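Chain residues, written in single-letter form:
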Amino acid sequence: MASGEKIAISVKAEIIAPIEKVWKCWTAPEYITRWNQASDDWHSPHAVNDLRVGGKFNYRMEAKDGSFGFDFWGIYTRVEHYKSIEYTLGDDRKVKVEFLSSGNKTTVVETFEAESEN
């Protein structure tokens, strides 16, 4: 990998639920705080989401034991309801999330530029 070259990682999940429900759970702060954690010993006690181009999201990430925490945030660059969301993270990495509907099943594909530290 050349210096400064970014690697993109894609993660795909198939969810047995209609796209409207998946979209709401993905974007509404009261649901984000329920699923946004790296592992069982982490949580997101607070989430703010201004889902529009130019809008900002900020999800507070904290270890449940209080030993560490940080704000995970970004600015939306593209929002197509029930189709896709694109944003730039606070460290300038790009992310694209696609929502694909097939009846009562929704596929979510998230592609993001990897960071080099973690």
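Scroll up for the structure.
Residues numbered from 1 in each chain as written. Predicted model: local features only at pLDDT ≥ 70, side-chain atom pairs only at ≥ 80, totals over all residues. Heavy atoms only, no water.

A. Examining the overall build of the protein more closely. Helices and strands together make up the secondary structure of the protein, namely two helices and seven strands. Walking the protein from its N terminus toward its C terminus, one meets helices and strands in the order β-α-α-β-β-β-β-β-β. Whereas a compact globule of 118 residues would reach a radius of gyration of roughly 13 Å, the protein reaches 15 Å, a difference of no more than 12%. A burial count over the protein gives 30% of its 118 residues as buried. Taking the intrachain contacts of the protein between residues at least 6 apart in sequence as the baseline, contacts between residues at least 24 apart amount to 37%. Of the roughly 7500 Å² of accessible surface on the protein, a fraction of 51% belongs to carbon and sulfur atoms. Seen as two clouds, the 15 positive and the 19 negative side-chain charges of the protein have centres 6 Å apart. (Helix = DSSP H or I, 4+ residues; strand = E, 2+ residues; numbered from the N terminus. Rg over C-alpha atoms; globule rule 2.2 N^0.38 Å. Buried < 20%, exposed > 50% of the residue type's maximum accessible area, 1.4 Å probe, protein only. Contact = heavy atoms within 4.5 Å. Areas by Shrake-Rupley, 256 points an atom, 1.4 Å probe, with all protein chains shown as cover. Lys, Arg positive; Asp, Glu negative; His and termini not counted. Charge placed at Lys NZ, Arg CZ, Asp CG, Glu CD.)

B. The arrangement of the packing of aromatic side chains in detail. One pass over the full model with this rule turns up 13 aromatic pairs. The rings of Trp23, Trp26, Trp35, Tyr82 and Phe99 are connected pair by pair, giving a single aromatic cluster. Lying over the aromatic face of Trp73, Lys56 brings its terminal NZ or CZ to 4.6 Å of the ring centre. (Phe/Tyr/Trp six-rings, centres within 6.5 Å; stacked < 30°, edge-to-face > 60°. Lys NZ or Arg CZ within 6 Å of the ring centre and 35° of its normal.)

C. Seen up close, the layout of surface pockets. Looking at the largest pocket, its volume works out to about 980 Å³. Around the largest pocket sit 32 residues that line it, and Met61, Phe70, Phe72, Leu89 and Arg93 are the ones nearest its centre. Of the residues contributing to the lining of the largest pocket, the split by class is 20 nonpolar, six polar and six charged. (1 Å grid on protein atoms, 1.4 Å probe; cavity = no way out; pocket = protein on both sides within 12 Å on 5 of 7 lines; lining within 4 Å. Points joined across faces, edges and corners; volume = space filled by probe spheres on them. Nonpolar A, V, L, I, M, F, W, Y, C, P; charged D, E, K, R; others polar.)

D. Representation of the pairing of strand β1 (residues 8-15). Sparse coverage of β1 is indicated by the burial of zero of its eight residues. Examined bridge by bridge, β1 and strand β7 (residues 105-113) share eight bridges and lie antiparallel to one another. Each residue of the ladder has a partner; that of Ile15, found in β7, is Thr106. (Pairing = 2+ DSSP bridges.)

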